[in-house]
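Each chain is listed here by its residues.
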Amino acid sequence: MNNNLKYFIEKYNMYLLNGKIDIDLKYATKDNFLHKKIYNNTTCLLRREVAIKLLEANNYLKENYNLKLCILDAYRPIEVQREMYKLVPNPNFVADPNGENCNHTKGNAVDICLIDMNNNKLPMPTKFDYFGIESSRTYYKNNKNLDQNIKSNVILLEKVMNKFGFIGLESEWWHFNYYKEYPIIK
Ligand SMILES: [Zn+2]
């Protein structure tokens, strides 16, 4: 671990998740709504308490459902948040970096999906980062035409995350905030 990262982790009481859970950081690839690689590494961090709870949720899923969590995004530096908000200035999908709801930059929000034990992603209502009504929780809860398999996957994800203290964002099935508040890391 380089010294800058070590210093950052200690200063903000972060936890490095690499090697502890499956990670597929979409912003470290071009497979995201910006079609651009914006992280220059795959370092995956969350506030320590948040990370520990997420690992507990992952163990619970493995033991009870033979499934795992896969992280799509976690802590996000404020510079990245600013760049995203410039491109999508819609707070339903990208938090205003000057506002209070910028949870990825607080280190207590995670974008997540379910994978099986062979690391295949389970079908969900939309792709990650799909900015439309089909991504919302109301949509999958109220839509009688949604495939039952998809519906049970997304409901299971929400149920398990809730059990470990994470609250789902209404507009995005993949986004969860830990219930405790933390300041934005500037
Ligand atoms: Zn998110």
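Draft legend 1. Structural context of the overall build of the protein. Assigned secondary structure in the protein consists of 5 helices and 7 strands. When the helices and strands of the protein are read in sequence order from the N terminus, they spell out α-β-β-β-α-β-α-β-α-α-β-β. The C-alpha radius of gyration computed for the protein amounts to 16 Å, which stays within 12% of the reference 16 Å derived for 186 residues, consistent with globular compactness. With the C-alpha coordinates aligned to their principal axes, the bounding extent of the protein is approximately 50 × 40 × 30 Å. Here the protein holds 186 residues, and the buried ones make up 34% of them. Counting only contacts in the protein whose residues sit at least 6 apart along the sequence, the fraction spanning at least 24 positions is 68%.

Draft legend 2. A look at the sheet that holds strand β4 (residues 67-73). Ordered by their spatial adjacency, 5 strands build an open sheet running β2-β4-β5-β7-β6, and the pairing between neighbours is mixed. Edge positions in the open sheet fall to β2 (22-23) and β6 (166-168), since each of these has one partner strand only. Across 3 bridges, the pairing between β6 and strand β7 (residues 175-178) is antiparallel. Note that in β7 the partner of G168 across the bridge is F176. Against the sheet, helix α2 (residues 48-65) contacts β4, β5 (109-116) and β7, and its axis sits at roughly 145° relative to β4. The sheet strands contacting helix α5 (residues 148-163) are β5, β6 and β7, and the helix crosses β6 at an angle near 145°.

Draft legend 3. Highlighting α2. The end-to-end C-alpha distance of α2 is 25 Å, a good match for the 26 Å that 18 residues give at a rise of 1.5 Å each. Listed as buried for α2 are V50, A51, K53, L54, A57, N58 and L61. Take α2 and look down its axis: the buried residues cluster within an arc of 160°, on one side only. Residues of α2 that are exposed and point over 90 degrees away from its buried face: E63 and N64. Among the structural elements, β1 (14-16), β3 (45-47), β4, β5, α5 and β7 are those in contact with the buried residues of α2.

Draft legend 4. Fine view of α5. Taking 1.5 Å of rise per residue, 16 residues should cover 22 Å, and α5 covers 22 Å from first to last C-alpha, within 8% of that figure. Looking at α5, one finds that the buried residues are N153, V154, L157, V160 and M161. Buried residues of α5 fall within an arc of 130° about the axis and therefore sit on the same side. For α5, exposure combined with an orientation more than 90 degrees from the buried face picks out Q148, S152, K159 and K163.

Analysis parameters
Residues numbered from 1 in each chain as written. Predicted model: local features only at pLDDT ≥ 70, side-chain atom pairs only at ≥ 80, totals over all residues. Helix = DSSP H or I, 4+ residues; strand = E, 2+ residues; numbered from the N terminus. Rg over C-alpha atoms; globule rule 2.2 N^0.38 Å. Buried ≥ 20, exposed ≤ 12 C-beta atoms within 10 Å, placed from the backbone. Contact = placed C-beta atoms within 7 Å. Pairing = 2+ DSSP bridges. Axes fitted to C-alpha atoms, helices over the stretch in contact; angles between N-to-C directions. Expected span 1.5 Å × (residues − 1). Arc of directions from axis to C-beta.

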